[in-house]
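Listed below, chain by chain, are the residues.
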Amino acid sequence: MKPQNGKAESRCLMVLRADFLELEMPELVAYLLRETEQTGESPTNPQTLLDYLNLRFVRVDLEALFPGQKKQPRGVLSYADRIVGVDQSLDYPPRARFTIMHEMGHYVLPRHQDDLYLCNKGDLSPEAKITAESEANAFAAELLFKGDQFTRQANDYTITPESIKVLKQQYDASFEATARRFVERNARACGLLVFNRVSGGEMIDPSRPTRWATRYFITSVEFCTRYFCQFTGEAPADVIEELTVPGRDFADDVVRELAVTTLANKTHHLRISFSFNQHNVFGLVQPLPERNK
C-alpha cells in the first residue's frame, strides 16, 4: 500500500528510522501518543495511530484465510502489505482495540521483523509464552492505558472493583486488562486473583457442580515483597452463588476475609473483594492489619 501523499510518506520514514527504534518502549509509546495528539484523557484511538503509521485496518475471517491453525487466530499483521487485521468474530470492542494495538506493536517494536504475525487467543493473553507476543502485549497495554497517566490515577483511587469499573470506562478497556494494570502499577500492597470456569461432573461425576479455579494471580511489587507471589485454589461456592446472579454489576462485590499460611509457616490475613464480569470471577486482594498475637 503506497502512501497517498508526501506528508504521509515523510511520517512513515520518520517513524521507522533506526534511532527511533532504539527508544525504550515507554518512550516509544509516549512519542506515538504525542505525535497523534492523544495525550489527553480520552481513550486511545487506534485508527489515528494506524493512519499515522500508514497501516490499513481490515476485519476478516482469519480462520478461512489461514486454514489448519491449531488455535483460532484473532489478529494478524502483514508487514509488507502494511495491513493490520482482526478476526470478524472479535465483536467485543475493547478486545478488538487491544488486538489492533498488539499488532501495531509487532510493526514498530525492535526485533519484531517477521513478514507475517498471526496471533491467537493465547498470544494475546497474560499467559503468552513467546517473547515477541508478550512484548506486543506490553506495548498494547502501554498504549491503551497511556503509560504513567493510568498509574497516577490508579494510585489515587481506593482499591475496589468500583475503581476498576470507573477506569475501565475511562480507557475503554476490558475489565480484566484494567484490573491487571491497576494492580501491577499500584504502589500499595494488593493482588488480583482471576478465576475461570472449570466444567463440573463430566464423565467421572456428572452431579458435581461447576467450579471456578485460579487461572492466575498477579500482585503489586509491594505485595509480592512483603507477603507472597503465588496463590492457587478455588473461589468459594457461596461467593459464586452470590456473584453469578443475572444482571449483577461488576462493582457489586462480595467481600470475604481469609487467613493464608505460606510455605514459610507465616499466616497473613487478607481481605478479598470478589466480582464478576459475566466471563471471569476476580478477587481483589488486600492485606488486613496485622493482628495482635
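Just so you know, these numbers come straight off a predicted model, no measurement behind them. (Residues numbered from 1 in each chain as written. Predicted model: local features only at pLDDT ≥ 70, side-chain atom pairs only at ≥ 80, totals over all residues. Heavy atoms only, no water.)

**Some points on the overall build of the protein**
Note the threshold: Only DSSP runs of H or I covering at least 4 residues are called helices, and only runs of E covering at least 2 are called strands; the numbering of each starts at the N terminus. A simple rule labels every residue: compare its accessible area, found with a 1.4 Å probe on the protein chains alone, to the largest value its type can have, and call it buried under 20%, exposed over 50%, or partly exposed in between. Should any heavy atoms of two residues lie within 4.5 Å, those residues are counted as being in contact. The method behind every accessible area is Shrake-Rupley, applied with a 1.4 Å probe, and residues are considered shielded solely by the protein chains displayed.
Scanning the protein for helices and strands turns up twelve helices and nine strands. Counting over 293 residues, the protein shows a buried share of 47%. Sequence separation of 24 or more characterises 61% of the internal contacts of the protein that already satisfy a separation of 6 or more. As displayed, the protein offers around 15,600 Å² of accessible surface, 49% of which is attributable to carbon and sulfur atoms.

**Let's talk about helix α9 (residues 161-171)**
Within α9, eight of the eleven residues are buried, leaving the element largely enclosed by the surrounding structure. Regarding α9, the residues found buried are Pro161, Ser163, Ile164, Lys165, Leu167, Lys168, Gln170 and Tyr171. Against the buried residues of α9 lie α6 (93-108), α7 (131-144), α8 (148-156), α10 (175-184), β8 (267-276) and β9 (281-287). The first or second residue beyond α9 is Asp172, which carries a positive phi of 50°.

**Remarks on the sheet that holds strand β6 (residues 211-219)**
To keep it simple, the criterion reads: Note on pairing: DSSP must find at least two bridges between two strands before they are called paired. The angle between two axes is taken between their N-to-C directions and runs from 0 to 180 degrees, where each axis is a line fitted to C-alpha atoms and a helix contributes only its stretch in contact.
Judged by pairing direction, the sheet is antiparallel, and its five strands sit side by side in the order β6-β5-β9-β8-β7 without closing on themselves. The outermost strands of the open sheet, each flanked by one partner alone, are β6 and β7 (254-261). If you compare each strand with its neighbour and ignore which way they point, the axes differ by 30° on average. The pairing of strand β5 (residues 191-198) with β6 spans eight bridges and is antiparallel. In the sheet register, Arg197 faces β6, and the bridge partner there is Trp212. Seen against the sheet, α10 touches β5, β6 and β9 and runs at an angle of roughly 40° to β6.

**Digging into the pattern of salt bridges**
Definition in use: By convention in these notes, a salt bridge is any Lys or Arg side-chain nitrogen within 4 Å of a carboxyl oxygen on Asp or Glu.
Tallied over the entire structure, the rule returns twelve salt bridges. Residue Glu142 pairs with Arg181 through a salt bridge whose shortest N-O separation is 2.8 Å. With Glu142 in helix α7 and Arg181 in helix α10, the pair connects residues that are 39 residues apart, well separated along the chain. Where Asp252 meets Arg248, a salt bridge forms, and the shortest distance between an N and an O atom there is 3.6 Å. A single salt-bridge network, built from bridges that share partners, covers Glu127, Glu176 and Arg215.

**A word on α8**
Owing to its 3.6 residues per turn, the α-helix aligns residues three or four sequence positions apart on the same side. Along α8, the residues that are buried comprise Gln149, Phe150, Thr151, Gln153 and Ala154. For α8, the elements touching its buried residues are α9 and α10.

**Digging into the state of the cysteines**
What counts is decided by this rule: Count a disulfide wherever a pair of cysteine sulfur atoms falls within 2.5 Å.
Going through the model one piece at a time under the given rule, you end up with one disulfide. Each disulfide pairs two cysteine sulfurs, and for Cys224 the partner residue is Cys229, the sulfurs being separated by 1.6 Å. Across the S-S bond linking Cys224 and Cys229, the dihedral sits near 80°, which makes this disulfide right-handed. Judged by relative accessible area, which is 28%, Cys224 ranks as partly exposed.

**A look at the sheet that holds strand β4 (residues 116-120)**
As summarised here, the arrangement of the four strands in space is β1-β3-β2-β4, forming an open sheet in which the pairing is mixed. If you trace the sheet from one side to the other, it starts and ends with β1 (56-60) and β4, each paired once. With direction set aside, neighbouring strand axes in the sheet form an average angle of 15°. Taken together, the four bridges between strand β2 (residues 73-78) and strand β3 (residues 83-87) define a ladder with antiparallel strand orientation. Paired with Ser78 across the bridge in β3 is Ile83.

**Describing the confidence of the model for the protein**
Put simply, the test is: A residue's pLDDT is the predictor's confidence in that residue, given on a scale from 0 to 100.
Per-residue confidence for the protein averages 88 on the pLDDT scale, and 88% of its residues sit at or above 70. Within the model, pLDDT remains below 50 along residues 1-19, and this stretch shows 21 contacts once partners closer than five positions in the same chain are excluded.

**So, the packing of α9 against α10**
So the rule is basically this: By definition, turning the near helix anticlockwise from the far helix through less than a right angle yields a left-handed crossing, and turning it clockwise yields a right-handed one. In the scheme used here, Gly and all other residues not listed as nonpolar or charged are polar, with Ala, Val, Leu, Ile, Met, Phe, Trp, Tyr, Cys and Pro taken as nonpolar and Asp, Glu, Lys and Arg as charged.
Their axes nearest at 9 Å, the elements α9 and α10 cross at an angle of 115°. Of the two possible hands of crossing, α9 and α10 adopt the one that is right-handed. Facing Ser163, Ile164, Lys165, Leu167 and Lys168 of α9, the residues of α10 in contact are Phe175, Thr178, Ala179 and Phe182. Partitioned by chemical class, the residues of the contact of α9 with α10 number five nonpolar, two polar and two charged.

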